[in-house]
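Each chain, written out:
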Amino acid sequence: MRVLYPAELRGPSPPCGVRWPILQDVGMDSQFNGLPGPMALSYIIPDRKGINTWPDIWLRPASPDYEFVGGGITILESRTRDVDGVEQVAFTSGHIAFRQSLLVRAEDAQRYASHDDLGPARVAALGGTTGEHRLLVLTGVVGAEGNLAAGTAIHLADGTSLTADGSAHYQITAAGSSENLANRVRIEGPSGSVKEVLIMSTDQDQLDALASGRVDAVARGELGNREASRNANSRFVVTALDPAVEYGGFAFDRADQGLAECVDARINYLTDHRRVGVAEWLDDSQVFLQRARYWNATEALAQIYAYSALTELVRERFNRTLRYPVDAGDALSGPDSGGLWLRVRYGGRRNENAHADSRPFDGGSWREDRSELQVGVSRPLDGLDIDLRAGFTGHVFRVVAEVENGRSTAGSHAEALGYGGGASLTWFGKRGPYAATEARYSRWEADVSYRRRELSAGIDGHSWGVSAETGWRFGGGRFRMTPRLRVAWTGVGFDRFTDSDGVAVRQEHDAALDAALGLEVGIVVPESGVRLYGDLEFVHDFEEDSAIAAYGYQFRSGLADSWARLQVGVRKEFSPRVSAMLSSDFGVGLDPDNEGTSMWNIRAALHWAL
């Protein structure tokens, strides 16, 4: 058995307070050194030893010699009790999922495609395992209670034989067997079930028997069988997958709840609650080692979290269509019915995720400053029977953010520069209705550093968005009121990259679907050329948080899904052709998970009528 004691994973004292020997299934460890169970043990415990005796291994933690037992042990309620039915141990929540299967020679794949085909076959199994029990169940040798079917012959190690009569005196379950069957070496099933089941002691014995032709199939877990198939260069193949899914875990003395919870938390961390498993390990054999290294690597959490925040920092943002509700011709494409305009916006956002300390991959905090310069032109479309207006814009922006994670001791610095353009089309009805659509696209380049140390330079990406808005203007003269609804679909994209620390980063989720319900009001100050307006809106994002993946982690941005925002502004006409606008807004996050989240903006615009 291979024992891992990486120096970088050991602390000054044993994690979870483990000091006694730990028992582990040798077969599982020898085949899957990189899998969640063995990796978790290598990371958690100071001492462990392997055994070859399988039956009742899960009950060993109830003895004074062992604190817990792990490996390829299927979690079953029946395995928590001793022969007297007294509950002795408890299992973890289950760190790996698998199914039972058959391993056969490649040329026999069709012949033994399912357990129904095993009537003439000899099959190898490890005694006292779930593999043996499920084989007997699926071939009809045992019933629901574990009783062997009448007529089943059981051959024992001392050369004697027994014949089952269908009663509980002849019973085999995943948790144990009748005492008289403890030394079984061969089982002959009744007609139509399976010809013979040869009980073996080790996985290697099973594989040798299959290779030599002594048996036709090996009954055991899918993971072990697939690994054996790969090692045999596909001379063996996996068939007859059991429809029942099993979960493997670790067993503890039922009185030692603190230790069980501690180990369970670490295993769930390593496997990301079963989201990182065998497929991910085969794709990257270092995935569990990397996750183990970062259990206490608080700096790495802050570094990688900056990449997930980057998606939100560069996302496209849309203005409201009616900027000055008192004017019938105020459109998204410009402050008046037509003209050239210049707009400057400067704002910030503070995102605070309340669970960043306890769930470090579901969010953190960042403080963002964003500035944008926008120029545009808008014109009515002549020759139409409807009031339709088109606009075109160009923009440049810069965004800077300090990003922290709840388990980090310092923050990362992210900065992005971008440019792009947009187009809009707005329709105004004769009695107050309007509808508008706008599209924006940007190219950007971002840098990320940590404590003035450059992590990634020149991350190239793009962002895009489309919005649609509709509303109805009421009132006239000096006062107007406009209820409205706006929907925006946005996305951000960048290619996978590897930073200077060797962290491979790729996007997992980038889309956002926002809906905003708002109410605008505006008044005209008589004989002053001044117009005042205010806007209150509620916004909700219906998509999941944006996220990136690195080293098997999934880091989510943790941005609030719901916001309330209030904007106030003033517009001043200096001449029939020149006007200016100044506005500000403030918003707060409404999610319980994002207490303290807020945003603010200041905008200024200058317009020349054509």
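Structure shown above.
Model, not experiment: these values are computed from the prediction.

A. How the structure looks around the overall build of the protein. A tally of regular secondary structure across the protein gives 9 helices and 34 strands. Buried positions account for 54% of the 610 residues belonging to the protein. Counting every atom, the protein has about 26,200 Å² of accessible surface; 53% of that belongs to carbon and sulfur.

B. Inspection of unusual backbone geometry at higher detail. Its identity as a non-glycine residue notwithstanding, S234 has a phi of 65°, on the positive side. Tracing the backbone shows S234 in the loop between α5 (222-231) and β15 (236-239).

C. How the structure looks around a nonpolar patch on the surface. The grouping of Y346, L536, F538, L566, V568, L582, F586, V588, L590, W600 and I602 at the surface amounts to a nonpolar patch, some 990 Å² of accessible area in total. Elements represented by at least two residues in the nonpolar patch include exactly β29 (530-541), β32 (562-573), β33 (578-589) and β34 (598-609). The element that contributes the greatest number of residues to the nonpolar patch is β33, accounting for 3 residues. Here L536 is to be found in strand β29.

D. Representation of helix α3 (residues 130-138). Counted residue by residue, α3 has 7 buried out of 9 residues, so it is predominantly covered. All of the buried residues along α3 are T130, G131, E132, H133, R134, L135 and L136. One side-chain oxygen at the N-terminal end of α3 lies 3.3 Å from the backbone nitrogen of G131; it belongs to T129.

E. Summary view of the pattern of salt bridges. Tallied over the entire structure, the rule returns 31 salt bridges. Across the pair E87 and R254 runs a salt bridge, and its minimum N-O distance is 3.9 Å. On the criterion of sequence distance, the pair formed by E87 in the loop between β3 (68-70) and β4 (89-91) and R254 in the loop between β17 (251-253) and α6 (257-271) is long-range, its members being 167 residues apart. Judged by relative accessible area, which is 48%, R254 ranks as partly exposed. R486 serves as the salt-bridge partner of E537, at 3.7 Å between the closest nitrogen and oxygen.

F. Region of interest: the sheet that holds strand β13 (residues 196-200). Pairing in this open sheet of 8 strands is mixed, and the strands run β9-β8-β12-β13-β7-β14-β6-β15 from one edge to the other. The open sheet has two edge strands, β9 (161-163) and β15, and neither has a second partner. Strand-to-strand twist of the sheet, defined as the mean angle between neighbouring strand axes without regard to direction, takes the value 25°. Of the strand pairs in this sheet, strand β6 (residues 100-105) and strand β14 (residues 217-221) are connected by 5 bridges, and their pairing is antiparallel. By the bridge assignment for β14, Q100 is matched with G221.

G. Layout of the packing of aromatic side chains. Considering all chains together, one arrives at 9 aromatic pairs under this definition. Aromatic pair W444 and F494: ring centres 6.4 Å apart, planes at 75°, arrangement edge-to-face. Pair noted here: W444 is in strand β22 (residues 433-450) and F494 is in strand β25 (residues 479-494), with a separation of 50 residues, a long-range link. F494 sits in the buried class, given a relative accessible area of 8%. Here F494 and F497 contribute two aromatic rings whose centre-to-centre distance is 6.0 Å and whose plane-to-plane angle is 50°, an arrangement assigned as tilted.

H. Spatial organisation of a negative patch on the surface. Negative charge collects at one region of the surface, where E445, D447, E454, D460 and D495 lie side by side. Those elements that provide at least two residues to the negative patch are β22 and β23 (453-472). Residue position: D460 is located in strand β23. By relative accessible area, which is 46% here, D460 ends up partly exposed.

I. Just the nonpolar core, in detail. In terms of nonpolar packing, the biggest core is built from 35 residues, with Y307, W444, I459 and I548 touching the most fellow members. Elements represented by at least two residues in this core include exactly α9 (298-313), β20 (387-404), β21 (412-428), β22, β23, β25 and β30 (547-550). If you look at the next biggest cluster of nonpolar residues, it comprises 25 residues, including L156, V197, A217 and A240.

J. Region of interest: α5. Burial analysis of α5 places 7 of its 10 residues in the buried class, the great majority of the element. What α5 keeps buried is the set E222, L223, G224, N225, E227, A228 and S229. Once α5 finishes, N233 follows within two positions and takes phi at roughly 55°, a positive value.

K. How the structure looks around the environment of A149. Mapped onto the elements of the fold, A149 is located in the loop between α3 and β8 (153-156). Residue classification places A149 among the partly exposed positions, given a relative accessible area of 24%. Measuring from C-alpha to C-alpha, the distance between A149 and D165 comes to 6.9 Å, with 16 residues separating the pair along the chain. Excluding its chain neighbours within four sequence positions, the residues that come into contact with A149 are G140, V141, A164, G166 and P190.

Reading the values: the criteria
- Residues numbered from 1 in each chain as written.
- Predicted model: local features only at pLDDT ≥ 70, side-chain atom pairs only at ≥ 80, totals over all residues.
- Heavy atoms only, no water.
- Helix = DSSP H or I, 4+ residues; strand = E, 2+ residues; numbered from the N terminus.
- Buried < 20%, exposed > 50% of the residue type's maximum accessible area, 1.4 Å probe, protein only.
- Areas by Shrake-Rupley, 256 points an atom, 1.4 Å probe, with all protein chains shown as cover.
- Patch = residues over 30% accessible without salt bridge, like charges linked within 9 Å, V, L, I, M, F, W, Y side chains within 5 Å.
- Salt bridge = Lys/Arg side-chain N within 4 Å of Asp/Glu carboxyl O.
- Polar contact = N/O pair within 3.5 Å; in protein donor to acceptor, adjacent residues only side chain to side chain.
- Pairing = 2+ DSSP bridges.
- Axes fitted to C-alpha atoms, helices over the stretch in contact; angles between N-to-C directions.
- Phe/Tyr/Trp six-rings, centres within 6.5 Å; stacked < 30°, edge-to-face > 60°.
- Lys, Arg positive; Asp, Glu negative; His and termini not counted.
- Charge placed at Lys NZ, Arg CZ, Asp CG, Glu CD.
- Core = buried A, V, L, I, M, F, W, Y, C linked by side-chain atoms within 4.5 Å.
- Contact = heavy atoms within 4.5 Å.

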